[in-house]
Amino acid sequence: MDGRIIIFSFTRTGTELSRKLSGILGSTGRECRGYTAEKYAGEGVLPFPDDKQKLIGDNWGRAAFIFIGAAGIAVRYIATWVKDKFTDSPVLVLDEKGQYVIPLLSGHIGGAVSLADEIGQRTGAVPVHTTATDVQGKFAADVFAEENGLLITDRKMAKEISAAVLEEERIACYIKSSRYRVCGRAPENLFICRTLSETNAYRYRIIISDDDVREKDEKGSSQPHAEDVRKEGTLLLKPKNITAGIGCRKGISEELLEEGLSRILKLHGLEIGQVERIASIDLKKEEEALMALSEKYQIPFFTYTADELGKIPGVTSGSEFVKKTTGVDNVCERAALLCCENGTLVQGKCIRDGMTAALARRPLEIRF
C-alpha cells in the first residue's frame, strides 16, 4: 500500500464526516481524497467519477478505502476486486454519524484494523473488530509478520498456524537471534526454541531467518536447514530489511535490471520481497527501469546527489570512469549505505549486464 486513503460518502451528513476525516488523516502526511454525489461535493470533496469501478480498480491493492454508509454498499462496490487478504486493499466502513468504525477487509496485512483503531482514537468512534484472533486476543502469524517487517513465504501455512492457535495448540518458534535483537515476551501459544531440532516436537513451527538456517550437531558438523527441521507445518519468515543500491546504464530494460538484481540477491539466499528500499544517484531519478521496479514491487525509491554519496566512507572499490560520469566513484555501495540507516554491507559492488548493485542490511528487532 502506498499510504493513500480514498473516502466514499453518499449523504450530506456522511460527506461532512468525510471532510473531517480527510483533515484528521491528512494531517499525518497521508494523501486523502473524498468522493461523493455531485450535489454534496465541494470543499475538498470531489464528485463521483462516471465510472466508480474504474476508480476502485485503478487503486485496488495500493490505497485504503473508507466507506461512510451501509456495509452492504461497500460490499457491492468492492466485490469485483476482492481476491485475498495479502493483496486486497484495506476497506473500512463508518456509519454517517461516526459512532462506529469497522475494518471490513484486509484487517491485518493491509492495516485496516490499525487504521480503524487510529480513527477511533482521533474521533471517538468505537472500533468494531470481528477477526477471531483479535476478539480472542490470540497470536496471529500474519499480524506478527506485518508488525515486525517480515516476509511471509507461505500464505497458506500462515493461515493454518493462526487457526491452530485458535484451537489452543502451541506453536514452536526459532529465531536466528545472533543476528536479531528480540524484545518482549512471547505469547502463551508460542514456544521459543533454542535449537532447530527442538521445533520438531511441535506440529507447527515458525522459523525467522533471512538465509538457510544452520546449526551444529553434537559432533560439530553443520546440518542444512532442510535436514534439521521438518518441512511440513513450517512457516519461514524472512526479514524485509535490505536496501539495494543500484547503478545502471541509461535506458536499460526493466527485465534486465530486475534479472540482475534478483541474481545478486540470490547469492545471499535473499529474494526481492525482502528489499525495503531502492537507492541510486539523483541522475537516475527518472530512469524508467528503476521507477518500474519500484512500482512493480511497491518498494520506495530514493536518490541522492553526488556530494551526498561522496560523504559515505569505506566503499570496497571505485571507478574513475564512473566518477567522471556521475561525480562519485561508486554509486551502488554508497547509495545502499546512505539509504540504509545503521546498515552494514552484505554485498559490495556487483556487476551484471548493464547494471551494478550493492546490498545493505538494516539491524532487525523482533518484538512480541
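Residues numbered from 1 in each chain as written. Predicted model: local features only at pLDDT ≥ 70, side-chain atom pairs only at ≥ 80, totals over all residues. Heavy atoms only, no water.

Novice: What's the story with the pairing of strand 6 (residues 100–105) in this structure? I'm lost.
Specialist: If a strand is regular, its side chains alternate between the two faces of the sheet. One ladder, built from 4 bridges, connects strand 5 (residues 91–94) with strand 6; its direction is antiparallel. Note that in strand 6 the partner of Leu 94 across the bridge is Val 101. In this antiparallel pair of consecutive strands, strand 5 and strand 6, the connection spans 5 residues, and Gly 98 shows a positive phi of 70°. Of the strand pairs in this sheet, strand 6 and strand 7 (residues 126–127) are connected by 2 bridges, and their pairing is parallel. Paired with Val 101 across the bridge in strand 7 is Pro 127. For the crossover that starts at strand 6, traverses helix 4 (residues 112–123) and ends in the parallel strand 7, the hand is right-handed. (Pairing = 2+ DSSP bridges. Helix = DSSP H or I, 4+ residues; strand = E, 2+ residues; numbered from the N terminus. Right-handed = clockwise from strand over helix to strand, strands pointing away.)

Novice: Please clarify how the packing of aromatic side chains should be interpreted in this entry.
Specialist: The description of an aromatic ring pair rests on the distance of the ring centres and on the angle between the ring planes. Applying the stated rule across the entire model yields 12 aromatic pairs. Centroid distance Phe 8 to Tyr 77: 6.0 Å. Interplanar angle 65°. Geometry classified as edge-to-face. Of the two residues, Phe 8 sits in strand 1 (residues 5–9) while Tyr 77 sits in helix 3 (residues 71–78), which places them 69 residues apart along the sequence. The buried category is assigned to Tyr 77, whose relative accessible area is 18%. Consider the rings of Phe 144 and Phe 368, whose centres lie 5.2 Å apart with planes at 15°: the pair is stacked. (Phe/Tyr/Trp six-rings, centres within 6.5 Å; stacked < 30°, edge-to-face > 60°. Buried < 20%, exposed > 50% of the residue type's maximum accessible area, 1.4 Å probe, protein only.)

Novice: Would you mind going over the sheet that holds strand 1 with me for this structure?
Specialist: Backbone hydrogen bonds are what pair the strands of a sheet, in a parallel or an antiparallel way. Spatially, the 7 strands line up as an open sheet ordered 3-2-1-4-5-6-7, and their pairing is mixed. Of all the strands in the sheet, just strand 3 (45–47) and strand 7 have a single pairing partner and so form its edges. Set on the sheet, helix 1 (residues 12–26) makes contact with strand 1, strand 2 (32–36), strand 3, strand 4 (64–68) and strand 5; between it and strand 1 the angle comes to about 165°. (Contact = heavy atoms within 4.5 Å. Axes fitted to C-alpha atoms, helices over the stretch in contact; angles between N-to-C directions.)

Novice: Help me understand the nonpolar core, please; the structure alone is not making it clear to me.
Specialist: Most often, soluble globular proteins keep nonpolar side chains buried together rather than apart. Within the largest apolar cluster, 25 residues are counted, with the highest numbers of intra-cluster contacts made by Ile 206, Ile 208, Leu 235 and Leu 237. Elements that contribute at least two residues to this core include exactly helix 6 (141–147), strand 8 (150–152), helix 7 (155–166), strand 9 (171–175), strand 12 (205–208), strand 15 (234–239) and strand 21 (364–367). With 5 residues, the top contributor of residues to this core is helix 7. When sequence neighbours within four positions are dropped, the list of residues in contact with Leu 235 reads Ala 141, Ile 152, Thr 153, Asp 154, Met 157, Ala 158, Ile 161, Arg 205, Ile 206 and Ile 207. One finds Ile 246, Leu 265, Ile 272 and Ile 278 within the second-largest nonpolar core, a separate group that totals 21 residues. (Core = buried A, V, L, I, M, F, W, Y, C linked by side-chain atoms within 4.5 Å.)

Novice: How should the packing of helix 9 (residues 254–266) against helix 10 (residues 288–297) be read in this particular structure?
Specialist: Packed helix pairs are characterised by how far apart their axes lie and by the angle those axes make with each other. Between helix 9 and helix 10, the shortest axis-to-axis distance is 9 Å and the interhelical angle comes to 65°. The angle between helix 9 and helix 10 falls in the class roughly perpendicular. Crossing of helix 9 against helix 10: the hand is right-handed. Mapping the contact onto sequence places Glu 254, Leu 257, Glu 258 and Leu 261 in helix 9 and Ala 289, Leu 290, Ala 292, Leu 293, Lys 296 and Tyr 297 in helix 10. Split by residue class, the contact of helix 9 with helix 10 holds 7 nonpolar, no polar and 3 charged. (Parallel < 35°, antiparallel > 145°, perpendicular 65-115°, else oblique. Left-handed = near helix turned anticlockwise from the far one by under 90°. Nonpolar A, V, L, I, M, F, W, Y, C, P; charged D, E, K, R; others polar.)

Novice: Sorry if this is basic, but what is going on with the pattern of salt bridges here?
Specialist: Close approach of charged atoms allows side chains of opposite charge to pair. Inspection of every chain in the model, using the stated rule, returns 17 salt bridges. Its salt-bridge partner being Glu 188, residue Lys 138 comes within 4.0 Å of it at the nearest N-O pair. With Lys 138 in the loop between helix 5 (132–136) and helix 6 and Glu 188 in the loop between strand 10 (180–183) and strand 11 (190–192), this residue pair connects regions lying 50 residues apart in the sequence. Accessibility expressed as a relative area gives 15% for Lys 138, which makes it buried. Arg 203 is paired through a salt bridge with Glu 169; the nearest N and O atoms lie 2.8 Å apart. Taken together, the residues span a long stretch of sequence, with Arg 203 in the loop between strand 11 and strand 12 and Glu 169 in the loop between helix 7 and strand 9 at a distance of 34 residues. Each of Arg 30, Glu 118 and Arg 122 takes part in a single network of salt bridges with overlapping partners. (Salt bridge = Lys/Arg side-chain N within 4 Å of Asp/Glu carboxyl O.)

Novice: Would you mind showing me how to read the environment of Arg 361 here?
Specialist: Counting through the fold element by element, Arg 361 comes out in strand 20 (residues 355–361). With 299 residues separating them in the primary sequence, Arg 361 and Arg 62 have C-alpha atoms 26 Å apart. When neighbours within four sequence positions are excluded, Arg 361 is seen to be in contact with Arg 179, Asp 210, Asn 241, Ile 242, Leu 270, Cys 340, Gly 343, Thr 344 and Val 346.

Novice: Can you walk me through the pairing of strand 9 in this structure?
Specialist: Of all the 5 residues making up strand 9, 5 are buried; the element is thus mostly covered by neighbouring parts of the structure. Taking every second residue as pointing to the same face, both faces of strand 9 are buried, with Ile 171, Cys 173 and Ile 175 on one and Ala 172 and Tyr 174 on the other. For strand 9 and strand 11, the ladder comprises 3 bridges, and the chain directions are parallel. Residue pairing for strand 11: Ala 172 is matched across the bridge by Phe 191. Here strand 9 pairs with strand 12 via 4 bridges, running parallel. Opposite Ile 175, over in strand 12, you have Ile 208 as the bridge partner.

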